[in-house]
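Understanding the architecture of this molecule
Here are the chains, one letter per residue:
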There are 2 protein chains.
Amino acid sequence: MNGADLLCATFVANGVELCFANPGTSEMHFVAALDRCPGIRCVLGLFEGVVTGAADGYARMADKPAATLLHLGPGLANGLANLHNARRAFSPIVNLVGDHPATHLPHDAPLTSDIESLARPMSGWVRRTVHADDVGRDAASAIAASLAWPRQVATLIVPADVAWNATAAQPVRCEMPVARAPDAARVAAVAQALRRRARTTILLSGHALRASALETASRIAQASGARLLAQQSNARMERGAGRVPIERVPYNVDQALETFAGTEQVILVGAKAPVAFFLYPGKPSSMLPPACTVIELAGRDTDLAGALEALADELRVPSSVAPERAAPAQTNLPTGRLTPGAITQALSALMPEHSIVCDESVSSGRSFFPPTFSARPHDFLQLTGGAIGIGLPLAVGAAIACPDRKVIVLQADGSGMYTPQALWTQARERLDVLTIVFANRRYAILQAELKNVGAGEPGRNARRMLDLDDPSLDWVSLARGMGVEAGRADTAEGFADQLRAALAQRGPFLIEAVL
Amino acid sequence: MNGADLLCATFVANGVELCFANPGTSEMHFVAALDRCPGIRCVLGLFEGVVTGAADGYARMADKPAATLLHLGPGLANGLANLHNARRAFSPIVNLVGDHPATHLPHDAPLTSDIESLARPMSGWVRRTVHADDVGRDAASAIAASLAWPRQVATLIVPADVAWNATAAQPVRCEMPVARAPDAARVAAVAQALRRRARTTILLSGHALRASALETASRIAQASGARLLAQQSNARMERGAGRVPIERVPYNVDQALETFAGTEQVILVGAKAPVAFFLYPGKPSSMLPPACTVIELAGRDTDLAGALEALADELRVPSSVAPERAAPAQTNLPTGRLTPGAITQALSALMPEHSIVCDESVSSGRSFFPPTFSARPHDFLQLTGGAIGIGLPLAVGAAIACPDRKVIVLQADGSGMYTPQALWTQARERLDVLTIVFANRRYAILQAELKNVGAGEPGRNARRMLDLDDPSLDWVSLARGMGVEAGRADTAEGFADQLRAALAQRGPFLIEAVL
């Protein structure tokens, strides 16, 4: 057995069964070890942003880590943007980054770089293994670190000789971390604050947005008169008909300020006090009124469902108080011009139960959220860190974690061009993913932001940086180039027809919705 | 005037006239300032790897820096792999990375990250501007740092408020750095070593591979009996008929060891002592025999052409010793099966004078080098840092630097999928780039490396990570999807026909060569 075998065995012993990979020469012994290890499924991404984004999607749906296999510093660098998103999603991921053997590093061969410096900004845990004998222990530590609440990205750097050297060490099992128990003093303090009957918002994120925790939160809100609100961006929300309908903090600063105007206290449940995504001249960083009190019921390292239950008990919410539930609605198919609203209407009507919606529609998709409170129950996964290029990879990971569920990607065209290679992996793995490209042929959000920051109307140079229409991207061609069947729609009726056909089949399909 | 205007004016004052950009909200004031600044041409990349790779190609051909405009930490992260290559190419580049204003950073908004930690591994110079008044000085320092020999990547972090705040400061001109003069003592020592008539290799890189410096080196080699050799990978070589023919150190370790077997001394001229690209079990890091002496004539911070001239003078090389020059050869067009060799043959016959060849053909392209010694004179640009995904972006930058020259990309299919978005920029800017995709539909180099590292024959899992044929990439579709006209060839005759037609027209074209 060599170090690479030991590492694979340690993964299997700890329930890590999936490896999203883009290996190179320094990782060849892992490739060989994975070859000998039937307990791990390997999924190739043609670019590392696909690899790390897929690991994020997998973690959000499987609630456990996948491994990634990345080729030295540059391979890690290519995956960092989606690791940034994963960090903001608190997704457990174990990165394996190959490197030169220690004796080769002083020679500064072309691919040498400071991997630790690259890894740290997006990783909560970084370690370099030095001996083959240690790689089982270190891999187990990486898995445990990734699962330590609030969960995080763990990066293990494994020099090539650690992989190829023989070892007699045995696989190590790690202890599975448990979330912190709710803090009784905080529960009591929050209960007291809620009894004050001030104008209160309970702000939720993380596992507090799963269906059952939300029901508890809804009962608390009704008993206390507080308002429920979700953080602006969340790793995963369970929503739709029969579930608790909950709005999010708006992205737009003026709207967010208006949302919190008059709020006297905010209770945080796995959420952060709301701040502006970007700072704008003359506007504040915090979205809360200056006098607003902020009390944390529980942080992301805590059992949020448990904390909400403890709060409901402390408040003695009567069992007669039922959670608010969104009623199912019959939606007609849209007609006429193809707009984001028409796309939402068609999805509301046709989206199957237990769909997983991966949203990177940026400006075009803002219309999706409100009407789909009453759509069939679904999971909703968002861009959490603002690093665009997550939509298509996220869908890869979600589809692998949940092979029996339809995955629907709401994909802005500008962002989609960051990691289009994910379509190839969808084709190779025959994933049941429907991608809807909102083809407005511009960075629409930036055209709005140019005005928001007070920089005025775009001239020729600026338009050349904000328009994508010269030439227009042909997403049908792009998808077919990577083995994914595709169609184009430019009317609401045409879109609904394509959507119905795409949902009736299994496997990847892309609809370019020309807006 | 605001900070962004001051920064643009400083760029113009120092001859920086090109900005490869992928901006976001925090860079909107730059976009507005660039709009008002006719002295700077803005080129949009749909992914930051395109932006930084294009800046590298521009620097290699223009011998001066372009600016890049990148969106906070994740935008920089996406550009790092090609900045790694640029660092290894000693290309001057000035990165502008936007960030949140200092007052917003403690709020840890979603896009916040440790930009300095991300920037340092691939940058020789990193600074954060704090006040709008300082941005002229800092930009001038960044330009000067990028041009300081041996030239490097300089990264300036510019918070959004530095861009939008008003300033009365004036643009700053930087002093243009000059290369270090040749060191007389080293010149004398090398001359003495050469007179010893030991078995000597003069190893060249950097500006020593430009046509005129190579002529001096060739005269020295003939007078001294030394062998000339180029580093394995080089930013730019001037070669072809009428120029000095010079081989490179092989990538393959056994071949490299064989190349240096019996070598008693190596003279470095802007080159590094040769090391293995990767370390393999039981093989050495250094490619030189243990007893071989290494003497550096001049490092990359030195005027290499001047150092070679000083050495020729010191050796009193007679003026009658003429440089070796490759004779032009008439090459017939290839027939039969389409192979890498047939592609080289067609290129040798048809490639126009002063073509710029960007080589990221990895394993398929190794056949290109020897037969094209006698092709029409051309520049040859290589992958310098091993971070794949440079070919298509490099061509963008080279074509913008040299609009009157044909740019030819030798592109492996696996590497090409890292930054295919560059094709869109080629279309948008109507760049005269011909891309030849070597479609072998696998990571061929890794299949060889799996054996090289002693990991054996690939099984099913390993093949799934090394093959690209399920599904096959359709490069014609991909190119058309981004607005680039394309054709496919699977015979030598078909390829030659397409090549002739493509070379006869201006503008981007892609040939998928199915091998």
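All of the points below concern the structure found in this document.

Here is what the cut-offs are and how they apply
Residues numbered from 1 in each chain as written. Chains lettered and ligands numbered in written order. Predicted model: local features only at pLDDT ≥ 70, side-chain atom pairs only at ≥ 80, totals over all residues. Heavy atoms only, no water. Helix = DSSP H or I, 4+ residues; strand = E, 2+ residues; numbered from the N terminus. Polar contact = N/O pair within 3.5 Å; in protein donor to acceptor, adjacent residues only side chain to side chain. Buried < 20%, exposed > 50% of the residue type's maximum accessible area, 1.4 Å probe, protein only. Arc of directions from axis to C-beta. Phe/Tyr/Trp six-rings, centres within 6.5 Å; stacked < 30°, edge-to-face > 60°. Lys NZ or Arg CZ within 6 Å of the ring centre and 35° of its normal. Pairing = 2+ DSSP bridges. Axes fitted to C-alpha atoms, helices over the stretch in contact; angles between N-to-C directions. Left-handed = near helix turned anticlockwise from the far one by under 90°. Contact = heavy atoms within 4.5 Å. Nonpolar A, V, L, I, M, F, W, Y, C, P; charged D, E, K, R; others polar.

Points about the side chain of S361 of chain B
Looking at where S361 of chain B falls in the secondary structure, it is placed in the loop between β12 (355-360) and β13 (378-382). Side-chain polar atoms of S361 of chain B contact the side chain of D359 of chain B, separated by 2.4 Å.

Considerations on helix α10 (residues 253-260) of chain A
Residue and element names in this part refer to chain A. Those residues of α10 that fall on the buried side of the exposure criterion are V253, A256, T259 and F260. Buried residues of α10, viewed axially, fall in a sector of 120°; they line one side. Note on α10: the residue one or two positions beyond its end, G262, has a positive phi of about 85°.

Comments concerning the packing of aromatic side chains
Taken as a whole and assessed by the stated rule, the structure comprises 15 aromatic pairs over all chains. Taking the centre distance of 6.2 Å and the plane angle of 70° together, the rings of F20 of chain A and Y58 of chain A count as edge-to-face. Taken together, the residues F20 of chain A in strand β1 (residues 18-21) and Y58 of chain A in helix α3 (residues 48-62) connect sequence positions 38 residues apart. By the burial criterion, F20 of chain A is buried, and Y58 of chain A matches it. Among the aromatic residues, those joined into a ring-pair cluster are F47 and Y418 of chain A together with F47 and Y418 of chain B. A cation sits over an aromatic face here: R248 of chain B above F369 of chain B, 3.9 Å from the ring centre.

Some points on the sheet that holds strand β4 (residues 93-99) of chain B
All names here are of chain B. Overall, parallel pairing links the six strands, which are arranged β2-β1-β3-β4-β6-β5 in an open sheet. The sheet is open, and its two edges are formed by β2 (41-44) and β5 (125-128), each paired on a single side. With strand direction ignored, the average angle separating the axes of adjacent strands in the sheet is 20°. Examined bridge by bridge, strand β1 (residues 18-21) and strand β3 (residues 66-70) share three bridges and lie parallel to one another. Its bridge partner being in β3, F20 is matched across the sheet by T68.

Points about the packing of helix α1 (residues 3-13) of chain A against helix α6 (residues 135-147) of chain A
All names here are of chain A. Closest axis-to-axis distance for the α1/α6 pair is 8 Å, and the angle between their directions is 35°. Handedness of the crossing formed by α1 with α6: right-handed. Where α1 approaches α6, its residues G3, L6, L7, T10 and F11 are matched on the opposing element by V135, G136, A139, A140 and I143. Split by residue class, the contact of α1 with α6 holds seven nonpolar, three polar and no charged.

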